[in-house]
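Listed below, chain by chain, are the residues.
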Amino acid sequence: MVGKKYEWQGGAELADHSRMKHQILREYFYEYVITRCQTPKMERFRLAIVDGFAGGGRYKCGAPGSPLIFIQELHRAINVINVNRAVQNLAPIRIDCTMVLNDYEPAALDSLKTHIAPVLVEYVDSSEYLSVQIDYLNDEFEMVYPRIKEYLQRGRFRNILFNLDQCGHSHVTTETLRDIMSSDTSTEIFYTFMITALLTYLQKNNPQMLERQLAHLSISKLDLDLLTEQMSNRQWLGTAENIVFSAFQKCAQFVSPFSINNPQGWRYWLIHLASSYRARQVYNNVLHKNSKSQAHFGRSGLNMLAHDPQEEGTLYLFDMNARDEAKGQLHEDIPKLVSEFGDALNMAEFYGRIYNHTPAHSDDIHVTMIENPDLEIITPSGGTRRKANQIDIKDTIKLKSQTSFFPMFQRKT
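Residues numbered from 1 in each chain as written. Predicted model: local features only at pLDDT ≥ 70, side-chain atom pairs only at ≥ 80, totals over all residues. Heavy atoms only, no water.

Quick word on the overall build of the protein
For the protein, the helix and strand inventory stands at 13 helices and 13 strands. Each of the 413 residues in the protein was classed as buried or not, and the buried ones make up 54%. Residue pairs in contact within the protein that sit at least 24 positions apart in sequence constitute 72% of those at least 6 positions apart. When the accessible surface of the protein is split by element, carbon and sulfur atoms take 47% of a total near 19100 Å². (Helix = DSSP H or I, 4+ residues; strand = E, 2+ residues; numbered from the N terminus. Buried < 20%, exposed > 50% of the residue type's maximum accessible area, 1.4 Å probe, protein only. Contact = heavy atoms within 4.5 Å. Areas by Shrake-Rupley, 256 points an atom, 1.4 Å probe, with all protein chains shown as cover.)

Take a look at the structure:
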């Protein structure tokens, strides 16, 4: 990996923040495969995985790196999928995966090849319904990206996942992220960086935006050393989230600006970029399943970054306490959002509107809609939903004729 002094041949140490990051990646990728293979008539799913900073395969403690995690979760997912399809009398599905594994260090690639070979034998060669093709590259990611892009286009891949686990920030530019997400494909990116590296980059390339974001901290000269000292402060986490979201919101329609939770300070960011609300919905749910792995400071409803950083805020750790608080804010936020568009919203449009601005679990959103006295969920046939787990994307969320909340602008009579 560029920027990380990992001695892969001697055994690289696995830091706590990397362990949390890998758990999120593992759980999300499994759910990603499960979700994408739900079409009953589908018998083949084809995807490409690009690991731009692939590393050496295993850490000193024996824990697998991201390329091995992808293979393990493909195996787990295909087994679960086909067992469920057999119960439903559906034909089994086959997954064909192409992996592009790049690392700048030749020693890392040598180590990776050594560790990946037995994993392929254990998880792929023994599976009738899983195939994995691997292509290795040895270059800086920004230099090799044009080749990867052309390769993906030539192969006509439509389902693509990038894992870009850099140490700094400059190894993958925002221009490259925008280019990746602008392709006419179903593409998602996991992007890791240190917040100090992003601040240094912004100080050089967009100092006005950075100074504006930091004004309330009374840092007139953008003293990055002083910021490093403040990184365990909750107020700083809220400010950093706004900076991250502002820096990447033009790269993708859905951006998760949450930090990896670290008691010593919020320094490492794992953000998820996607073009579909469904991807962000699944990602939020995975964070709740792995509570306290990431942290958010601010509101827990539909306007998560709309808080005054100078006021007391709440640390949202995706646990049950956070979910209880979210339900309270969602109770007010959801009907107010619907009222801004009139009195009703198609559920698909509603999801598209909210999921870039909330850390909430989908179950909490659905339960709040069903229990809210100001709302009703109308089915395509005109009926009313009574259970949260039955809400469908084709439904409509509608304000009742008499509501208990007061809109910002009331009609004149």
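Comments concerning the pattern of salt bridges
Tallied over the entire structure, the rule returns 16 salt bridges. The residue aspartate 165 makes a salt bridge to lysine 21 at a minimum N-O spacing of 2.7 Å. Of the two residues, aspartate 165 is situated in strand β4 (residues 159-165) and lysine 21 in helix α1 (residues 16-36); the sequence distance between them amounts to 144 residues. Note on aspartate 165: relative accessible area 4%, which makes it buried. For lysine 21, a relative accessible area of 4% puts it in the buried group. The partner of lysine 398 in a salt bridge is aspartate 343, with the nearest N and O atoms 3.4 Å apart. In this pair, lysine 398 sits in strand β13 (residues 396-399) while aspartate 343 sits in the loop between α11 (320-341) and β11 (344-346), placing the two residues 55 residues apart along the sequence. Look at lysine 398 and you get partly exposed, because its relative accessible area is 27%. (Salt bridge = Lys/Arg side-chain N within 4 Å of Asp/Glu carboxyl O.)

Quick look at the packing of helix α7 (residues 207-214) against helix α9 (residues 234-248)
Relative orientation of the contacting elements α7 and α9 amounts to 150°, with a least axis distance of 10 Å. Our classification of the angle between α7 and α9 gives roughly antiparallel. As for the relative orientation of α7 and α9, their crossing is right-handed in sense. Of α9, the residues touching α7 (which contributes Met209, Leu210, Gln213 and Leu214) are Trp236, Thr239, Asn242, Ile243 and Ser246. Across the contact of α7 with α9, the residue classes break down as 5 nonpolar, 4 polar and no charged. (Axes fitted to C-alpha atoms, helices over the stretch in contact; angles between N-to-C directions. Parallel < 35°, antiparallel > 145°, perpendicular 65-115°, else oblique. Left-handed = near helix turned anticlockwise from the far one by under 90°. Nonpolar A, V, L, I, M, F, W, Y, C, P; charged D, E, K, R; others polar.)

Quick word on the pairing of strand β3 (residues 130-137)
Pairing geometry for strand β2 (residues 94-102) and β3, over 8 bridges, is parallel. Note that in β3 the partner of isoleucine 95 across the bridge is leucine 130. In this region the chain leaves β2, passes through helix α3 (residues 106-123) and returns to the parallel neighbour β3; the handedness of that crossover is right-handed. (Pairing = 2+ DSSP bridges. Right-handed = clockwise from strand over helix to strand, strands pointing away.)

Remarks on the nonpolar core
Membership of the largest hydrophobic core comes to 100 residues, with the highest contact counts inside it found for Phe141, Phe162, Leu164 and Phe248. In contact with phenylalanine 141, other than residues within four places in its own chain, are Val50, Gly52, Phe53, Asn102, Ile148, Phe162, Leu164, His171, Val172 and Thr176. Within the second largest apolar cluster, 21 residues are counted, among which are Tyr351, Ile354, Met369 and Leu375. (Core = buried A, V, L, I, M, F, W, Y, C linked by side-chain atoms within 4.5 Å.)

A short note on the sheet that holds β11
Hydrogen bonds between backbone atoms are what pair the strands of a sheet, whose relative direction is either parallel or antiparallel. Spatially, 3 strands are ordered β11-β13-β12 in an open sheet, and the strand pairing comes out antiparallel. Where the open sheet ends on each side, the last strands, each with one partner, are β11 and β12 (375-378). Averaged over neighbouring strand pairs, the angle between their axes works out to 20° when direction is ignored. One ladder, built from 3 bridges, connects β11 with β13; its direction is antiparallel. Counterpart to alanine 344 in the pairing with β13 is lysine 398. The strands that helix α12 (residues 347-354) touches are β11, β12 and β13; relative to β11, the one it contacts most, it runs at about 90°.

Quick word on the environment of tyrosine 30
Inspection of the secondary structure assignment puts tyrosine 30 in helix α1. Taking the relative accessible area as the measure of exposure, tyrosine 30 reaches 11% and is therefore buried. When the C-alpha positions of tyrosine 30 and leucine 74 are compared, they lie 6.9 Å apart, and in sequence the two are 44 residues distant.

Overview of the environment of lysine 292
Turning to its location among the elements, lysine 292 is positioned in the loop between α10 (277-289) and β9 (294-297). Note: C-alpha distance between lysine 292 and phenylalanine 318 (26 residues apart in sequence) is 6.2 Å. In this structure lysine 292 touches Met20, Asn261, Leu317 and Asp319, once residues within four positions along its chain are discounted.

Some words on the packing of α1 against helix α2 (residues 66-87)
For any two helices packed against each other, the geometry is given by the interaxial angle and the distance between the axes. With their axes 9 Å apart at the nearest point, α1 and α2 run at an angle of 35° to one another. For the pair α1 and α2, the crossing hand works out as right-handed. Contact with α1, carried on its side by His22, Leu25, Arg26, Glu27, Phe29, Tyr30, Val33 and Ile34, involves Ser66, Ile69, Phe70, Gln72, Glu73, Leu74, Arg76, Ala77, Val80 and Ile81 of α2 and no other residues of that element. For the contact of α1 with α2, a count of residues per class yields 11 nonpolar, 3 polar and 4 charged.

Notes on unusual backbone geometry
Even without a glycine there, the phi angle at arginine 156 is positive, about 55°. Here arginine 156 shows up in the loop between α4 (141-154) and β4. Phi is positive for phenylalanine 318, which is not a glycine, with a value near 65°.

Some details on the confidence of the model for the protein
Residues with a pLDDT of 70 or more make up 88% of the protein, whose mean pLDDT is 88. Within the protein, the element-level pLDDT minimum falls on helix α8 (residues 224-229), averaging 62, and the maximum on β2, averaging 98. Counting contacts from residues 408-413, a segment whose pLDDT is below 50, to residues more than four positions away or on other chains yields 0 contacts. (pLDDT = per-residue confidence, 0-100.)

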